[in-house]
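# Commentary on secondary and tertiary structure
The chain contents come next:
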Amino acid sequence: MMIMMEEEVIGILRSNGIDVVSTLPCGRIRRLLELVHSDIELKAIRLNKEEDGVGISAGAYLGGGKPAMIIQSSGLGNCFNALLSLSVTYRLPLPILSSWRGVHNEVIPAQIPFNKALPDALRALGIPYKEIRTREGIEAVDEVIKEAYENSSPCVALLSPAIWTGSDSEELEHAFPKRNKKRCVSYEKEIRDGEMTRYEAMRIVAEFLDGECVVTNIGIPSKELYAIRDRALNFYMLGSYGQASAIGLGLTLSTKREVIVLDGDGSLLTTSVLPTIAAEEPHNLSIFCMDNGTLGSTGDQLTDAYTVVDMELMAIAAGIENTVKVHTANELRYVLEHLYQHKGPRFIHVIVKPGNQDTDNIKLSPEQIKRRFMEACVTV
């Protein structure tokens, strides 16, 4: 019996030890995605935005896992900043299998301009890639995965739809579970001016840290935690805006440690990861949304959370059930004292004052941050 191309790709993923695969659909790889999500050896994560997969993959690798992504090539455009400021900056391996639209019997005009220029864009950004245009070239997927892990970098396989010829007739049947959900929400809360600064709130969180992995939002929040309590289990983000909670989710896939994310309202407003977190139900994840209502690292410009959006209600709407809002130091300490009485995911909405603490830059290189974090993470 002839092995279909999709089964061959699954075999390549398995033989390379890939254990976490983040996906976002493309109609040309329907069968491959069905197989990925039904494979018991692969933890498959359904994305709402491709960029979140970069953060999830980073976290999975930092925790000791071996991630990969499978997305449509158009979605690579959504990933470029995260790939460069996270994967490349910290030297994190990430093989990406990309359904290459716009190059073979394409019927959607909008797919052509970006995807025609995609190889040039990848070369300009220094992201290695391989074009796989025929069924005979499918073994290059193995080379892409090995190159990513040997060189600690992203590496892309551009998979022409031509290689799947003959697979559509073998497409798996959908087996939809019954869509039976019941949600009853009674919510009435007041958002007042914060009594703490973000620095003061983070200092309280730091008092309670023991063996938790901590991911800190980019810019000044990372500098503040570094000044408050530097520790090997802190992962300081230097770039990749919006990826803090995605990295935290990825970590929960590869470590049994409790994972704390010190995120911000601006960062969470730009991501689509909260519904993914709710769907995955990581029991060891706590997200502290330090809501100062501004973009603190870029000059305190107001966010929609200052004027309109309730971040706790947004988390509830995404499907996260264990949420709480705090305004004061005593309230925050109470939450921390009882944090692990309930399984995650937990969303703690911390209302803080706008403004930043004057702190020094982090005196660690990206690779030093990564290396000591990974060593500490696997130490029992």
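The structure we're discussing is the one just above.
Within any chain, residue numbers begin from 1 and follow the written order of that chain's sequence. Only residues with pLDDT of 70 or above have their local features reported here, since the model is predicted, and side-chain atom pairs are shown and tallied only from 80 upward, although totals for entire chains, interfaces and linings are computed over all residues. Hydrogens and waters are ignored; side-chain quantities use all the structure's heavy atoms.

## Remarks on the packing of aromatic side chains
Any two rings among Phe, Tyr and Trp, with Trp reduced to its six-membered ring, count as a pair given centres within 6.5 Å; such a pair is stacked if its planes are under 30 degrees apart, edge-to-face if over 60, and tilted if neither. Evaluation of the coordinates by the stated rule reveals five aromatic pairs. Look at F80 and F114: their rings are 6.5 Å apart centre to centre, the planes differ by 35°, and that puts the pair in the tilted class. Residue F80 is located in helix α4 (residues 80-90), and its partner F114 is located in helix α5 (residues 112-125); the two are separated by 34 residues in the primary sequence. Taken together, a centroid distance of 4.9 Å and an interplanar angle of 40° make the contact between Y90 and F235 tilted. Of this pair, Y90 sits in helix α4 while F235 sits in strand β9 (residues 234-236); the two residues are 145 residues apart in sequence, bridging distant segments of the chain. F235 shares its class with Y90; the two are buried. An aromatic cluster of at least three residues, connected via ring pairs, comprises Y90, F235 and F373. Strands are runs of DSSP state E lasting at least 2 residues, helices are runs of H or I lasting at least 4, and numbering of each runs from the N terminus. We call a residue buried when its accessible area falls under 20% of the maximum for its residue type, exposed when it is over 50%, and partly exposed in between, using a 1.4 Å probe and counting protein chains only.

## Notes on the state of the cysteines
Chemically, a disulfide is nothing more than a covalent bond linking the sulfur atoms of two cysteines. Disulfides are defined as pairs of cysteine sulfur atoms found within 2.5 Å of each other. Considering all chains together, one arrives at zero disulfides under this definition. C26 forms no disulfide, and the closest cysteine sulfur to it belongs to C79, at a distance of 14 Å.

## With respect to the environment of N330
Secondary-structure assignment places N330 in helix α14 (residues 329-337). Relative accessible area serves as the criterion here: at 63%, N330 is assigned to the exposed category.

## Here's the deal with the packing of helix α3 (residues 50-62) against helix α9 (residues 244-252)
Lines fitted to C-alpha atoms define the axes, with helix axes restricted to the stretch in contact, and inter-axis angles between N-to-C directions lie between 0 and 180 degrees. It is the contact of α3 with α9, at a shortest axis distance of 6 Å, that shows an interaxial angle of 40°. By the angle between their axes, α3 is oblique relative to α9. Both α3 and α9 take part in a crossing whose hand is right-handed. Within the contact between the two elements, α3 uses D52, G55, I56, A58, G59, A60 and L62 and α9 uses A246, I247, L249, G250 and L251. Any angle that is under 35 degrees is reported as roughly parallel, and any over 145 degrees as roughly antiparallel; angles of 65 to 115 degrees are reported as roughly perpendicular and all others as oblique. Crossing handedness: left-handed means the near helix sits turned counterclockwise from the far one by under a right angle, and right-handed means the same turn made clockwise. Contacts were defined at the residue level, with two residues in contact if any of their heavy atoms lie within 4.5 Å.

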